[in-house]
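Coordinates in review
In case you want the letters, here they are:
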Amino acid sequence: MEGTGFTASLVAGGVAGVSVDLILFPLDTIKTRLQSPQGFKKAGGFRGIYAGVPSAAIGSFPNAAAFFITYEYVKWVLHTDSSSYFMPVKHMLAASVGEVVACLIRVPSEVVKQRAQVSASLRTFQIFSNILYQEGIQGLYRGYKSTVLREIPFSLVQFPLWESLKALWSWRQHHVVDSWQSAVCGAFAGGFAAAVTTPLDVAKTRIMLAKAGSSTASGNVLSALHGIWRTQGLPGLFAGVFPRMAAISLGGFIFLGAYDQTRGLLLELGREHP
């Protein structure tokens, strides 16, 4: 991948990540509180819905930039003909590797953010300090495995679907899709992927919010899912599914649309001023 393409992916990914995380933060807070083991009202209800936003703001640019740099690089390494049947596989592999790398940045930010969302009376830095003091650096990475296990299936659905919808739309209109069309494809792909991976998201939230030393805090995803199923059944596994779908559909529209638009502009600038 050329230097211009590398820089374009880095900046476009970061801009897209910051945009979507800050715009849709209230929906994310509501979803987290619906999934909290203490219940929506005790977790804060509709009060302080911007609690934890500093953590999201700090983590969103490097997290999204890391994902898209990796995603585009792996696609470049695995270059195949656009008509090849291996195209969806290439997108799946690229998205999966991208998620593993991005989660190294995303998980600490997510742990701090989610605890702030259900403890609105505490400041973000205070929560960060408490985690380091009580649990050490491993506390910031609690839920890494569950986050990766949520993000990889999500990306296996979202990115091949997004790329396929763009290719279909381009074929139907005989030219490459515009940024707004890419955004529409992203909204549909994101909403669908969000719905089918909600149980994994609930398990990840429970693990991150569990008290230190508890069985849930150990990070066993299957155990967390079984506990939710046993106590709350199917509604518990799909807690917060509608705000999650709404946030990720809107997020897919903003995130993937902003990414395509910004990357296209940067590549064009790179060609004009090499």
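Right above here is the structure, for reference.
Anyway, here's the lowdown on the structure attached to this text. The structure displayed is predicted, hence computed values, not measured ones.

1. Thoughts on the overall build of the protein chain
A count of helical and extended segments in the protein chain gives eleven helices and zero strands. Going residue by residue from the N terminus, the α and β elements of the protein chain occur as α-α-α-α-α-α-α-α-α-α-α. Against the compact-globule benchmark of 19 Å for 274 residues, the protein chain has a radius of gyration of 19 Å, which places it among compact chains. With respect to the three principal axes, the spread of C-alpha positions in the protein chain is 55 × 40 × 30 Å. For the protein chain, the residues scored as buried account for 51% of the 274 residues in total. For the protein chain, the separation between the mean place of its 23 positive charges and that of its 15 negative charges on side chains is 15 Å.

2. Structural notes on the layout of surface pockets
Quantified by volume, the second largest pocket comes out at close to 580 Å³. R142, L209, A210, K211 and A212 are, among the 24 residues lining the second largest pocket, the residues nearest its centre. For the lining of the second largest pocket, the element with the highest residue contribution is helix α5 (residues 124-135), accounting for five residues. Its residues assigned to classes, the lining of the second largest pocket comprises ten nonpolar, nine polar and five charged.

3. Considering the packing of aromatic side chains
Any aromatic ring pair is given by two values, namely how distant the centres are and how the planes are angled relative to each other. On inspection of all chains with the given rule, the structure shows 14 aromatic pairs. Judged by centre distance (5.7 Å) and plane angle (40°), the ring pair of Y73 and W76 falls under tilted. Placement of the pair is Y73 and W76 together in helix α3 (residues 53-77), with a separation of three residues, close to one helical turn. An angle of 85° between the planes, with centres 5.6 Å apart, marks the rings of W169 and W180 as edge-to-face. With a gap of eleven residues between them, W169 in helix α7 (residues 144-173) and W180 in helix α8 (residues 179-196) connect regions that are remote in the sequence. These aromatic residues form a ring-pair network of at least three members: F67, F68, Y71, F159, W162 and Y259. The lysine or arginine in question, K166, covers the ring of W162, its NZ or CZ lying 3.8 Å from the ring centre.

4. Side note on empty space enclosed by the protein
Unfilled space is identified by rolling a water-sized probe across the atoms. On inspection of all chains with the given rule, the structure shows one cavity of 30 Å³ or more. If you go around the largest cavity, you meet 30 residues; those closest to its centre are V20, D21, R106, E151 and I248. Of all the elements in the fold, those that place two or more residues in the lining of the largest cavity are α1 (3-23), α2 (25-35), α3, α4 (87-117), α7 and α11 (241-272). Of the residues contributing to the lining of the largest cavity, the split by class is eleven nonpolar, nine polar and ten charged.

Conventions and cut-offs
Residues numbered from 1 in each chain as written. Predicted model: local features only at pLDDT ≥ 70, side-chain atom pairs only at ≥ 80, totals over all residues. Heavy atoms only, no water. Helix = DSSP H or I, 4+ residues; strand = E, 2+ residues; numbered from the N terminus. Rg over C-alpha atoms; globule rule 2.2 N^0.38 Å. Buried < 20%, exposed > 50% of the residue type's maximum accessible area, 1.4 Å probe, protein only. Lys, Arg positive; Asp, Glu negative; His and termini not counted. Charge placed at Lys NZ, Arg CZ, Asp CG, Glu CD. 1 Å grid on protein atoms, 1.4 Å probe; cavity = no way out; pocket = protein on both sides within 12 Å on 5 of 7 lines; lining within 4 Å. Points joined across faces, edges and corners; volume = space filled by probe spheres on them. Nonpolar A, V, L, I, M, F, W, Y, C, P; charged D, E, K, R; others polar. Phe/Tyr/Trp six-rings, centres within 6.5 Å; stacked < 30°, edge-to-face > 60°. Lys NZ or Arg CZ within 6 Å of the ring centre and 35° of its normal.

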